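# Descriptive analysis of the structure
Chain by chain, the residues:
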Amino acid sequence: MAAPVDLELKKAFTELQAKVIDTQQKVKLADVQIEQLNRTKKHAHLTDTEIMTLVDETNMYEGVGRMFILQSKEAIHNQLLEKQKIAEEKIKELEVDSLLCLDGGNTT
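Within an unreviewed UniProt entry, the label attached to the chain reads Prefoldin subunit 1, and the organism entered is Bison bison bison. Its UniProt record gives the chain the following Subunit (unreviewed entry) comment, quoted word for word: "Heterohexamer of two PFD-alpha type and four PFD-beta type subunits." UniProt, in its Sequence similarities (unreviewed entry) section for the chain, records the words "Belongs to the prefoldin subunit beta family."

## A look at the overall build of the chain
Helices and strands together make up the secondary structure of the chain, namely two helices and two strands. Beginning at the N terminus, the succession of helices and strands in the chain can be written as α-β-β-α. For the chain, the spread of C-alpha atoms along the principal axes amounts to about 85 × 25 × 20 Å. A total of 108 residues make up the chain; the buried ones form 18% of that total. Considering only contacts within the chain whose residues lie at least 6 apart along the sequence, 56% involve residues at least 24 apart. As displayed, the chain has an accessible area near 8700 Å², and 60% of this comes from carbon and sulfur atoms.

## A word on the pairing of strand β1 (residues 59-64)
Note that β1 and strand β2 (residues 67-72) share six bridges and pair antiparallel. Across the sheet, Gly-63 pairs through a bridge with Phe-68, a residue of β2.

## As for the side chain of His-77
Mapped onto the elements, His-77 comes out in helix α2 (residues 73-103). By relative accessible area, which is 19% here, His-77 ends up buried. Among the polar contacts made by the side chain of His-77, one reaches the side chain of Asp-48 at a distance of 2.6 Å. Apart from residues no more than four positions distant in its own chain, His-77 is found in contact with Asp-48, Ile-51 and Met-52.

## So, the pattern of salt bridges
Tallying each qualifying case throughout the model produces three salt bridges. Taking the shortest distance from any N to any O, the salt bridge between Lys-41 and Glu-88 comes out at 2.4 Å. Of the two residues, Lys-41 sits in helix α1 (residues 2-51) while Glu-88 sits in helix α2, which places them 47 residues apart along the sequence. For Lys-41, a relative accessible area of 25% puts it in the partly exposed group.

## A word on the confidence of the model for the chain
Should the pLDDT be low somewhere, the predicted coordinates at that spot are not to be read in detail. When pLDDT is averaged across the chain, the result is 89; 94% of the residues are at 70 or more. Summarising per-element confidence for the chain, the mean pLDDT is lowest in α1 (91) and highest in β2 (95).

## Side note on the environment of Ile-21
Residue placement: Ile-21 occurs in helix α1. Residue Ile-21 is classed as partly exposed on the basis of its relative accessible area of 48%. Taking C-alpha positions, Ile-21 is 27 Å from Ala-3, a pair spaced 18 residues apart along the chain.

What counts as what
Residues numbered from 1 in each chain as written. Predicted model: local features only at pLDDT ≥ 70, side-chain atom pairs only at ≥ 80, totals over all residues. Heavy atoms only, no water. UniProt positions renumbered as here; feature names shortened; annotations may be inferred. Helix = DSSP H or I, 4+ residues; strand = E, 2+ residues; numbered from the N terminus. Buried < 20%, exposed > 50% of the residue type's maximum accessible area, 1.4 Å probe, protein only. Contact = heavy atoms within 4.5 Å. Areas by Shrake-Rupley, 256 points an atom, 1.4 Å probe, with all protein chains shown as cover. Pairing = 2+ DSSP bridges. Polar contact = N/O pair within 3.5 Å; in protein donor to acceptor, adjacent residues only side chain to side chain. Salt bridge = Lys/Arg side-chain N within 4 Å of Asp/Glu carboxyl O. pLDDT = per-residue confidence, 0-100.

Right under this line is the structure:
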């Protein structure tokens, strides 16, 4: 009688361990992605801060692949603000997913 109960407990414990490992991996991946997005956001902010010190009529070159495109200061400024906004949204999304994953909810 004790053997079937032991097997069921062992199976349940093994499944639980697999879920814990999977959750830890997902949380680690989310943390790495959040760090990368924070770096991207900070880089865009610092770049924007520097270009805002320039005269408004200044034209700049934006790197696109292996070439450069002439852009106005305002266009570059708007692109950098958009980049920061997108990074912030993705960070919030990853944090929510990470919390759901820790709480036991499955987002996939």
